Every structure is written in structure tokens, then in C-alpha cells.
Amino acid sequence: MTDLPPEKAVASFDSASALLAALARALQGRDFPHLGQSRLKVPLVRAGALLPLPLRRRVYAKASGREGVPPDRLGQIDLERVAAWITDHYPARRYPAVLIGSSNGALSHLAAAAGLPWLPQTLLVPVRRPGVDPRDVGAALEFGARHAPPLLDRNPTIELHHMHDPNQDALSASQMAYFRIKWHTLPRAYERFLVDRLEPGAPIIVVRDRSSWPVTRVGPRHVFQYGAHGGMTAAEYAAEPGAPPTDEVAAEAEWGFADALGDDVHTWAIRNGHPVVDVRYDHPQDPAAGVADAFRAWLQERGEPAQRLLVSSFIVHDPWRTITTASVPFWTFFPVRQAAQDLANYLDRASYDDVDVLLFSNGVPSRGQVDARSWERLAQRARRRGRLLGVDADAFPADFAAFARYGPALRSLPPATVPWSPLSVADLLAGLDAAPQISVTRSDSSPPSDPQA
């Protein structure tokens, strides 16, 4: 059998692939409506709002499962080809810097403002597993142990983090397994991209989310993670009946950074004359407030009032529309307590005339989730107008039609008043330096001295 095409091997609805697509479109001056999916699906998504709730959830779950790779085709996934597919997303030009590493929506807004690409360390390979009980954790673990070896054998430079979260992913997890892969060395396509597309001496910005999670070791390059960042803590998952015993702590499956890739980036950068900037933080929500501050300062320096805060949610966001409407982005990793508290803390010290809030629907009420009316009350702390944007509060968290509504809603916002000009790399790094929850360190690009010289 032939290899699986890269676009069939990787989930399109995941944080990494969706943030990648949204950023790549922004670098082409394009927006990101309907989560980057075909506009032919939009009428179906809107029509789904008319279905009874149980049927609406069943349709969503089935649609998620259809993205899954058949288990017997996992050995036909070549992740080097996938890496080339990633780099092909970006316009073929020289860049003054590049980001590599963890997924983060807030940082993708900054990257878009500076016109910089981002190369993810982690991707989701969804594996078809229809009609299962997501609460049966033991069966999920056994499924991964049985089906992962061909994927690992074919791709020796990755580690598999099989993530299973019956709290937030109850619908999708009833139809598929979440195989998240992390590169531990630079894929060849990434190396080619750095050689061909980076300006001489341009910095490589390594995004290191230090999130970690207790895991069960399944094999030399395979761990099983029960639960994930969201509305519950690792301890709360561990206390549930059926939770598997854990034997080590690893980088969190979706957001966490595996340091081996960082070591390889540093080695490559020294050899090729590029400085490295390491950006570290402890949780995917941490950069949001600092990025909002940096973005607002950039807008105000351009002469914009910067009085609209646009709160995005997971992959319901649009870097290009954020720029073209001169909005200040505040990204929330999920609509859960920690993100709502972070937004509340930010609004305690930063006032806006307008606050617009987007929400990602996962389909079911989950522990730690914050309801739509509470998000609306946060928005109403605006001086003039605060609202949910493109969201049906009564339908949330099964408001799947919002995936079709948010694009037109963003297009309806007033445009920026001055022409767009990119944020400089120096100002981007200065903004991150000023953020209290982010650590920025710089490394020299000088090669080691030759002892024979």
C-alpha cells in the first residue's frame, strides 16, 4: 500500500494543525473562517443547529471520528513527509525569525503580527476507534499498546504520547484515539526550511511550554496520558475509578515541550550561525496577558486606539482578522475556569471600550467548564459594549454552528484606521521579556572554537 497523504494523517481540528493553518493564512493576508474547513460544509454546520441536542452531539462525534486513520494504516504514515507538508503551508520568502516548538494561540498572534512562521513539535494523529465507551480507560490503553508499534517503527525520531481525556473529549474519544507525536530531532524538512527561508543570522525562537503530566510508560518511545490540561487537574484524574497507575512524569501531550528537540535546535543553530531564543512558560494560558500587552503597545505606537479586546478560544481564533480590525488578542486555551480567571485578572488591570468573546464548543458540559453566561458577564466589564461574538449562549457547549458564525462576525468588526506594518522581531522579543509569566533567554550563535587553530 502507498503512504497515507500527510493531510489524511493529521487531524485538522487539533490545536497544532489549526493554529498552523490560521497562521499560514495570516502570512498570506487571509483570514481563517470556519476553522479552515471547506466552505461547502458551512450550510451543513448551520443546519445542524436545528437538530435535537442528542442528535447534534452524535453527528459531531461521528464527524470527528471520520478524520481518524484506520489502525491498520498507521505504518503508512511518514512523518518526514508530514513535516514537508507543514513547511509548504508558508509563503516561499525569507523570514527575519522563526518559532519552533509548543502550540500556543497567543504566541501565534504575535507571530502573525511580525510575519513569522511557526513549526510545531507536536501533532495529533487521530486513530479510528468507533463506538467505544470513553470511560473505559483500560481498553484505551490496550488499544494504543496494540496499534502503535507500526507508527513508531516507521518513524524512529518521534515519541508517542497517547492522550485519553473522557472529560473534555467525551464525544470525539467515543470514536477515535488521540495519538500525539512529538519530534525529538529536527525533521529534515524543518532543516531545509531553516536553510532556505531564514535570513542570515536570524534568530530561532524555541517555544518551550513546560507543562507536564503523570504518564504510564508503554514502551521505549510510547507513553499513555490519562487526562489533559483543561478543567481538571492531574490529581483529580488520578483519583477517578479505573485511572491507570503512573510511573513517570512527561511533557504534557498536547501543549508540553520535549526538551530533546530544543537540544537539537541549539546544535543545528550553532553549526549554521543562528542565535537561539528560548521562550519558557509553565502553562498554555500563561502567555495570553503578556501577548495582549505587547500587541496593545504595538497598535498604539501605530496610532490605533487599541480599545477592542478580542477573546479567542482554543482554535476559534483568526490572527489576520485580529490584525485588520486592530483588535487586542486575548487567547484562552479552553473555556474553563483557569482561562476565565486569567481573563478576569487581566481585566482587573486593563480597561477596554469593547470586549468580544469567542467560545469553542466541545459538545458536552465537562468538569471545570465555564458556562456561556459567565463568559458574557466577563465581556460586560467593557466600558462601552461587551458581548459573546457569534455564540448562541443557550446552545453552548454544543453550539457547533458557532464554527460557521464566527467568521462573518469577525468580518463585521470595524477595520483598522492605519495601514498594517509588521511588528519587529526586536519588539516581539521585548514584549515577551516584559511578560511576568514568560522567561526569555538568548544564546550566542558562535560555533565552538577549533582546538587546532
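Preceding block: the structure.
Please read all numbers here as calculations on a predicted model, not as lab measurements.

Conventions and cut-offs
Residues numbered from 1 in each chain as written. Predicted model: local features only at pLDDT ≥ 70, side-chain atom pairs only at ≥ 80, totals over all residues. Heavy atoms only, no water. Pairing = 2+ DSSP bridges. Helix = DSSP H or I, 4+ residues; strand = E, 2+ residues; numbered from the N terminus. Axes fitted to C-alpha atoms, helices over the stretch in contact; angles between N-to-C directions. Contact = heavy atoms within 4.5 Å. Core = buried A, V, L, I, M, F, W, Y, C linked by side-chain atoms within 4.5 Å. Buried < 20%, exposed > 50% of the residue type's maximum accessible area, 1.4 Å probe, protein only. Salt bridge = Lys/Arg side-chain N within 4 Å of Asp/Glu carboxyl O.

Asker: Help me understand the sheet that holds strand β11 (residues 308-313), please; the structure alone is not making it clear to me.
Answerer: In sheet architecture, strand pairing relies on hydrogen bonds along the backbone and comes in two forms, parallel and antiparallel. Pairing in this open sheet of 4 strands is parallel, and the strands run β12-β11-β13-β14 from one edge to the other. If you trace the sheet from one side to the other, it starts and ends with β12 (328-332) and β14 (385-388), each paired once. Between one strand axis and the next, the sheet turns through 15 degrees on average, direction left out of account. Where β11 meets β12, 5 bridges bridge the pair, whose relative direction is parallel. For valine 311, the partnering residue across the bridge sits in β12 and is phenylalanine 330. Against the sheet, helix α15 (residues 372-379) contacts β12, β13 (354-357) and β14, and its axis sits at roughly 160 degrees relative to β14.

Asker: Got a minute to help me understand the nonpolar core in this structure?
Answerer: Across soluble globular proteins, you tend to see nonpolar side chains buried next to one another. Formed by 139 residues in total, the largest nonpolar core has its most connected members in Tyr90, Phe179, Ile204, Leu309 and Trp375. Considering each element in turn, this core owes the most residues, 9 residues, to helix α2 (residues 15-27). Excluding its chain neighbours within four sequence positions, the residues that come into contact with phenylalanine 179 are Leu74, Leu123, Leu124, Val125, Val127, Phe143, Gly144, Ala148, Leu151, Leu160, His161 and His162.

Asker: Help me out: how do you make sense of the sheet that holds strand β15 (residues 439-443) in this one?
Answerer: Spatial ordering of the open sheet is given by β2-β1-β6-β10-β15, a layout of 5 strands whose pairing is mixed. The open sheet terminates on both sides in strands that have one partner only, identified here as β2 (118-120) and β15. If you compare each strand with its neighbour and ignore which way they point, the axes differ by 20 degrees on average. One ladder, built from 5 bridges, connects strand β10 (residues 276-281) with β15; its direction is antiparallel. Across the sheet, valine 277 pairs through a bridge with arginine 442, a residue of β15.

Asker: Where do I start with the pattern of salt bridges in this structure?
Answerer: Two side chains with opposite charge may pair up if their charged atoms get near one another. Using the criterion set out here, one finds 26 salt bridges in the structure. The partner of arginine 321 in a salt bridge is aspartate 31, and the shortest N-O contact between them spans 3.0 Å. Here arginine 321 is found in helix α13 (residues 319-324), whereas its partner aspartate 31 is found in the loop between α2 and α3 (42-48), with 290 residues between them in sequence. Arginine 146 is paired through a salt bridge with glutamate 142; the nearest N and O atoms lie 2.9 Å apart. Placement of both arginine 146 and glutamate 142 in helix α7 (residues 137-147) is noted, with a separation of 4 residues, approximately one turn of the helix. Judged by relative accessible area, arginine 146 falls into the partly exposed class, the value being 48%. One salt-bridge network, held together by shared partners, links Asp3, Asp78 and Arg154.

Asker: When you look at the environment of phenylalanine 403 in this model, what are you seeing that I'm missing?
Answerer: Along the chain, phenylalanine 403 turns up in helix α16 (residues 402-411). Separated by 44 residues in the primary sequence, phenylalanine 403 and leucine 359 have C-alpha atoms spaced 9.2 Å apart. The residues contacting phenylalanine 403, other than those within four sequence positions of it, are His34, Leu35, Tyr60, Val316, Phe360 and Ser361.

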